[in-house]
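# Close look at the chain arrangement
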Amino acid sequence: MRYIKIKPEQTKFYSWLDPFGYLDHITLPGYFAIGQIEDDEEIEYLISGLMICVCTEDAIVIEWLCIDPDYESKERGEGFLLKAYEIAVSMDKPKLCALMSADMELGNVCNNSKSFFTERLFEKEEAMIGEWNALLSDVAKSKWLFGPGKLPETKSLGEVKKSSLSSFFENIPEDGDAYPASLMGEIDIKKADRRLSRVIVDDDEVCGILLIQKAEDGLWPVFLYSESENETKALIKGAYEEASAKLPADTDVWVRTRFEAVGIILEKVVPKKISDRYLLVASVSEYLSLKN
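Residues numbered from 1 in each chain as written. Predicted model: local features only at pLDDT ≥ 70, side-chain atom pairs only at ≥ 80, totals over all residues. Heavy atoms only, no water.

### Digging into the environment of isoleucine 26
Relative to the helices and strands, isoleucine 26 resides in the loop between strand E1 (2-5) and strand E2 (31-40). We classify isoleucine 26 as buried; its relative accessible area is 9%. Sequence spacing of isoleucine 26 and proline 8 is 18 residues, and the spatial spacing of their C-alpha atoms is 7.2 Å. Non-local contacts of isoleucine 26, meaning those with residues more than four positions away in its chain, are made with Ile6, Lys7, Pro8, Thr11, Tyr31, Phe32 and Ala33. (Helix = DSSP H or I, 4+ residues; strand = E, 2+ residues; numbered from the N terminus. Buried < 20%, exposed > 50% of the residue type's maximum accessible area, 1.4 Å probe, protein only. Contact = heavy atoms within 4.5 Å.)

The structure is reproduced here in structure tokens:
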């Protein structure tokens, strides 16, 4: 049994272990997927499991873990956990977490996926504010977004000088509020859509920015910085207008966040919270003490 990091072009071989489409996220900030394979004399190897994670500021979060039911699920699942702990140690992350929800359990680990983790050092629970999903056509109904009042002008990401963007991300101003990707994966501006992402600029200085990435399942806002509610509104409205002019009205927009302030904004734009998720948390230092 061995493990490989799955490349985007390899995801089609693992899709049967991913009924909810989590593999679509591996192009988003901080995401990666690990495949578990068995060597086989006749056909070279067999795929036996899949784990999809996101790297956050202080943790590795397991979003999806699925084992081929033909194999002993608990044993294979434990192998994935050991691999996840190794990654957390190598990246100096103090926590390993599992994303849980009342409406969706991790796949085929065992009959009770929560107990699988709680019996293996995942003893603490942490709140995650929630998850939103809406269609572009839903955004058009927001009275908050399309109410009266003048808003700052926004530009597309492609219209802004690279030097201005570099300067901003090297030293994000403390005057405003910055909200990284939903689980705080590192931002790669090269992956942001250059037309849909919007920026507010004053004398070549970035004052506000909303980065949006495309995935197979729709649009994902991954970073927001603004210094006022009006700027937040201008960035979201600018992105919507650009997207609605180029994409179908039934295009999905997804946001998953741990930030209460982002949740308040989303309630005004797309009041369609689809789940309350939480994290089961294990201490990497406790794992190391037991290992040693």
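The rest of the description comes next.
### Description of the pairing of strand E10 (residues 198-202)
As defined by bridge partners, strand E8 (residues 155-156) adjoins E10 across two bridges and the pair is classed as antiparallel. Opposite serine 156, over in E10, you have arginine 198 as the bridge partner. Relative to strand E11 (residues 205-215), E10 is paired through five bridges, and the arrangement is antiparallel. In the strand pairing of E11, aspartate 202 is matched with glutamate 205. Following E10, the chain reverses through two residues before pairing antiparallel with E11; aspartate 203 in that reversal takes a positive phi of roughly 50°. (Pairing = 2+ DSSP bridges.)

### Points about the state of the cysteines
Note: disulfide means a covalent bond formed between the sulfur atoms of two cysteine side chains. One pass over the full model with this rule turns up zero disulfides. Sulfur of cysteine 53: no disulfide; nearest cysteine sulfur belongs to cysteine 55 and is 9.7 Å away. (Disulfide = S-S within 2.5 Å.)

### Remarks on the layout of surface pockets
Approximately 310 Å³ is the volume found for the largest pocket. Here the lining of the largest pocket takes three residues from E2, the largest share from any one element. (1 Å grid on protein atoms, 1.4 Å probe; cavity = no way out; pocket = protein on both sides within 12 Å on 5 of 7 lines; lining within 4 Å. Points joined across faces, edges and corners; volume = space filled by probe spheres on them.)

### As for empty space enclosed by the protein
Throughout the structure, instances matching the rule amount to three cavities of 30 Å³ or more. As a volume, the largest cavity reaches approximately 460 Å³. Leu210, Pro221, Ile236, Val255 and Leu266 are, among the 31 residues lining the largest cavity, the residues nearest its centre. Every element with two or more residues in the lining of the largest cavity is listed here: strand E7 (130-135), helix H3 (136-139), E11, strand E12 (218-226), helix H5 (229-246), strand E13 (252-257) and helix H6 (260-269). Residues of the lining of the largest cavity, tallied by class, amount to 28 nonpolar, two polar and one charged. (Nonpolar A, V, L, I, M, F, W, Y, C, P; charged D, E, K, R; others polar.)

### Describing the environment of threonine 27
With respect to the element layout, threonine 27 can be found in the loop between E1 and E2. Accessibility expressed as a relative area gives 30% for threonine 27, which makes it partly exposed.

### Notes on the packing of aromatic side chains
Counted according to the given criterion, the structure contains 13 aromatic pairs. On the numbers, 4.1 Å between centres and 5° between planes, the contact of tyrosine 85 with tyrosine 287 is stacked. Note that tyrosine 85 is positioned in helix H1 (residues 73-90) and tyrosine 287 in helix H7 (residues 284-291), a separation of 202 residues in sequence. Overall, the relative accessible area of 3% leaves tyrosine 85 in the buried class. Residue classification places tyrosine 287 among the buried residues on the basis of a relative accessible area of 10%. Summarising the aromatic geometry, the rings of phenylalanine 146 and tyrosine 240 are spaced 5.6 Å apart at their centres and angled 80° between planes, so their arrangement reads as edge-to-face. One end of the pair, phenylalanine 146, is in the loop between H3 and E8; the other, tyrosine 240, is in helix H5, with 94 residues separating them in the sequence. Exposure remark for tyrosine 240: the relative accessible area of 14% places this residue in the buried category. (Phe/Tyr/Trp six-rings, centres within 6.5 Å; stacked < 30°, edge-to-face > 60°.)

### Brief notes about the environment of serine 156
If you trace the backbone, serine 156 turns up in strand E8. What makes serine 156 buried here is its relative accessible area of 11%. Put simply, serine 156 and arginine 195 are 39 residues apart on the chain and 5.1 Å apart in space, counted from C-alpha to C-alpha.

### Some remarks on the side chain of glutamate 63
Looking at where glutamate 63 falls in the secondary structure, it is placed in strand E4 (residues 59-67). Judged by its relative accessible area of 1%, glutamate 63 is buried.

### Brief notes about helix H4 (residues 162-170)
Owing to its 3.6 residues per turn, the α-helix brings residues three or four apart onto one side. Within the sequence span of H4, burial applies to Ser164, Leu165 and Phe168. Mapping the buried residues of H4 onto a view down its axis gives an arc of 95°, with all of them on the same face. Relative to its buried face, H4 has exposed residues pointing more than 90 degrees away, namely Lys162, Ser163 and Glu170. Those residues of H4 that are buried are in contact with E11 and E12. (Arc of directions from axis to C-beta.)

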